[in-house]
Amino acid sequence: MVRCQQYPPLRALQASAALRRASDEHRKEPLTSSSQQHFDSPPAGHQPEQEPQGPHPSYTGLGGQESEDYESEEQLQHRILTAALEFVPEHGWTAEAIAEGAKTLGLSVAAAGMFHSDGSELILHFVSECNSKLSKLLEKEQKLVQLGKAEKKPIDEFLRDAVEARLRMLIPYIEKWPQALSVLLLPRNIPSSLNLLTSMIDDIWHYAGDQSTDFNWYTRRAVLTGIYNTTELVMMQDSSPGFEDTWRFLENRVADAMTMSNTASQVQSTGEAVVQGLMGAAVTIKNLAGLNQRR
Amino acid sequence: LINCISFPCPFFAVYQVFESVAKKYDVMNDSMTLGIHRVWKDILMHKMNPCPGTLLLDVAGGTGDIAFRFINYVRSVRQRQLQRKLKQHQNLSWQEIFESYQKDKFNSLGDSQVVVCDINREMLKVGKQKAQHLGYSEGLSWVLGNAEELPFDDDKFDVYTIAFGIRNVTRIDLALQEAYRVLKPGGRFLCLEFSHVSNPLLSRLYDLYSFQVIPVLGEVIAGDWRSYQYLVESIRQFPPQEELKAMIEDAGFFKVNYDNLNFGIVAIHSGFKL
């Protein structure tokens, strides 16, 4: 089967734009989507109509009613997925949840057909939203430290808090999260999910103050990825109140990682000492056997 | 019956074609495509993946193939939904379980509905008989109508399908505009149609089969050589995948793409009214 995707020039999405106008009129509250511009509300008493225009955005507007009110397909998909998250605890990460989300936006349930039927896009969307929330949180904390309003945390505490904050975002969806994890492991999704995971780990280390440029960079990320993944799995089958078992597990793993780095440098210096000792012994033996003599 | 075989046939000739083939339509489909048309229609249904509560308009759907598949699909999805709900209701009292059964017993389709619209009375008649014979009663309606001028209001339907019908419409752009009109915002347009094979070897075999075998089958089974000659020629004259995609976009649909089935013998085009 040959699939053909189209990336058309950005045209105004007539139907969804009209829907948003209608819902704006009725709710009279500003939209929260940042990359959209608000239009001047039409004079009171006018019901917005569905204009059957051609598919070109009208910047000069009909009678001054429309301004640059348009969104791209990606933005609309983003909105649908965000609305769909609310239905995940009930329906799981499925096309049904997406259909319900589309319904709340006033769109037909058939709009869920824009996405894959296994819910991959919904899960990836959720993960990337969580990652941005984490970044914002870490940035805010960093600003507080820079302004002197808070203490700089020691590394292990910082890592612990960051991973805990990120994992807490899963709590509302924890029942269906194992399903999401298995979907993220599908070969089709592995590039994107791996990408999201590594950029999140990168972020955490960045805000932890890691500026290494040597092999340490890789080891640090590998270690933190291991900690995050194992803690996530523990959280899946943790039934203790407030997930205290999970946080204790996290604390232990981070502590392990800290001692491991100390141990590693100890091992290295011990190893060097041992090697030097062996070399010395070998030279001594050669001397004793008379092999070092020059004839 | 038909005088202009090799020229684009006007409206009445198309009408007569389907009037004469209506009774043998399904049999001819099976023999021409060696039964593969059933798989194509199943794939269309899977692509649509409708959830209960969907309102489908099947245009040029005369004998009801798509409509019946839709009802089956939605029914099984609904069954799974109800089973899941019951599993969650483990701790309810018998009274509550009984009540939930009552509520859902009369809702085996979950409010889904399909409207079959065809321009040809004969095809609709055959469809209605089939429905009765196979036991489909709820969620179905049969409407006589022209794809270029649908007798429905704006923003009514969730999904619009046209399977092997858009080829016979004289003004395809009008049909696409009507499809856009009757769909709800967020609604989906799906078109299953014969298309162009790009692979040269396959294309030659396909041409051979089309021009040598199909009209003969038409004569033997339906007693109508000319209709099937017309069919094969109309397939060749139909716009190829990319061109149809451009036409669908011109009508205002977004996220238009197509899937080739069997190397381009058949293609499913999909677009959304956004």
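Residues numbered from 1 in each chain as written. Chains lettered and ligands numbered in written order. Predicted model: local features only at pLDDT ≥ 70, side-chain atom pairs only at ≥ 80, totals over all residues. Heavy atoms only, no water.

(A) Local environment of the overall build of chain B. Tallying secondary structure elements over chain B gives 10 helices and 7 strands in all. For chain B, buried positions account for 56% of its 274 residues. Look at the contacts in chain B between residues 6 or more apart in sequence, and 77% of them connect residues 24 or more apart. When the accessible surface of chain B is totalled, it reaches about 12,800 Å², and 55% of it is carbon and sulfur. (Helix = DSSP H or I, 4+ residues; strand = E, 2+ residues; numbered from the N terminus. Buried < 20%, exposed > 50% of the residue type's maximum accessible area, 1.4 Å probe, protein only. Contact = heavy atoms within 4.5 Å. Areas by Shrake-Rupley, 256 points an atom, 1.4 Å probe, with all protein chains shown as cover.)

(B) The confidence of the model for chain A, seen in detail. Residues and elements named next belong to chain A. Averaged over all residues, the pLDDT of chain A is 80; the fraction at 70 or higher stands at 76%. Averaged pLDDT values over the elements of chain A bottom out at 64 in helix α1 (residues 14–27) and peak at 94 in helix α5 (residues 120–146). Scored below 50 in pLDDT, residues 1–9 makes 19 contacts in the model with residues more than four places away or belonging to other chains. (pLDDT = per-residue confidence, 0-100.)

(C) Just the UniProt feature "binding site: S-adenosyl-L-methionine" (unreviewed entry) in chain B, in detail. Residues and elements named next belong to chain B. The positions that UniProt labels "binding site: S-adenosyl-L-methionine" (unreviewed entry) are, in the present scheme, T63, D118, N146 and A147. From the set just named, the residues that line the second largest cavity comprise T63. For A147, the position within the fold is in the loop between β3 (140–144) and β4 (157–163). (UniProt positions renumbered as here; feature names shortened; annotations may be inferred. 1 Å grid on protein atoms, 1.4 Å probe; cavity = no way out; pocket = protein on both sides within 12 Å on 5 of 7 lines; lining within 4 Å.)

(D) Fine view of the nonpolar core. Core analysis: the largest hydrophobic core is formed by 64 residues, its most contacted members being I80(A), W93(A), L122(A), W177(A) and I204(A). Elements with a contribution of two residues or more to this core: α2 (73–84), α4 (95–104), α5, α6 (155–168), α7 (177–184), α8 (190–208), α9 (216–236) and α10 (244–288) of chain A. In this structure, V21(B), M45(B), V74(B) and L140(B) belong to the second largest nonpolar core, which totals 45 residues. (Core = buried A, V, L, I, M, F, W, Y, C linked by side-chain atoms within 4.5 Å.)

(E) Inspection of the side chain of D118(B) at higher detail. Residues and elements named next belong to chain B. For D118, the location among the structural elements is in strand β2 (residues 113–118). Buried and unpaired, D118 has no salt bridge, with R121 as the nearest side chain of opposite charge at 10 Å. Beyond its immediate sequence surroundings of up to four residues, D118 is in contact with A60, G61, G62, M123, L124, V143, L144 and G145. (Lys, Arg positive; Asp, Glu negative; His and termini not counted. Salt bridge = Lys/Arg side-chain N within 4 Å of Asp/Glu carboxyl O.)

(F) Molecular detail of empty space enclosed by the protein. Residues and elements named next belong to chain B. A full pass over the atoms with the stated rule returns 6 cavities of 30 Å³ or more. Y25, K41, A60, G61 and A163 are, among the 13 residues lining the second largest cavity, the residues nearest its centre. Broken down by class, the residue content of the lining of the second largest cavity amounts to 6 nonpolar, 4 polar and 3 charged. (Points joined across faces, edges and corners; volume = space filled by probe spheres on them. Nonpolar A, V, L, I, M, F, W, Y, C, P; charged D, E, K, R; others polar.)

(G) Broad picture of unusual backbone geometry. Positive phi outside glycine occurs at F243(A), with the angle close to 60 degrees. Its location among the elements puts F243(A) in the loop between α9 and α10. Judged by relative accessible area, which is 13%, F243(A) ranks as buried. With a phi close to 55 degrees, N262(B) is a non-glycine residue in the positive phi region.

(H) Focus on the UniProt feature "domain: Ubiquinone biosynthesis protein COQ9 HTH" (unreviewed entry) in chain A. Those residues carrying the UniProt feature "domain: Ubiquinone biosynthesis protein COQ9 HTH" (unreviewed entry) are residues 73–103 of chain A in this numbering. Annotated as 81% helix and 0% strand, the span residues 73–103 of chain A places its first and last C-alpha atoms 17 Å apart.

(I) Looking closely at the packing of aromatic side chains. This structure, assessed with the given rule, holds 16 aromatic pairs over all chains. For the ring pair F126(A) and W177(A), a centre distance of 5.6 Å and an interplane angle of 70 degrees mean the geometry is edge-to-face. Here the residue F126(A) occupies a position in helix α5, and W177(A) occupies one in helix α7, the gap between them amounting to 51 residues. The residues F126(A) and W177(A) share a single accessibility class, namely buried. Ring centres of Y160(B) and F189(B) lie 5.5 Å apart, and the angle between their planes is 25 degrees; on these two criteria the pair is classed as stacked. Linking Y160(B) in strand β4 with F189(B) in strand β5 (residues 183–194), this pair joins segments that are 29 residues apart in sequence. F189(B) shares its class with Y160(B); the two are buried. Among the aromatic side chains, those forming a connected cluster through ring pairs are W93(A), F126(A), Y173(A) and W177(A). The aromatic ring of W205(A) is capped on one face by R220(A), whose charged end is 5.7 Å from the ring centroid. Directly above the aromatic system of Y180(B) lies the positively charged group of K273(B), at a separation of 4.8 Å from the ring centroid. (Phe/Tyr/Trp six-rings, centres within 6.5 Å; stacked < 30°, edge-to-face > 60°. Lys NZ or Arg CZ within 6 Å of the ring centre and 35° of its normal.)

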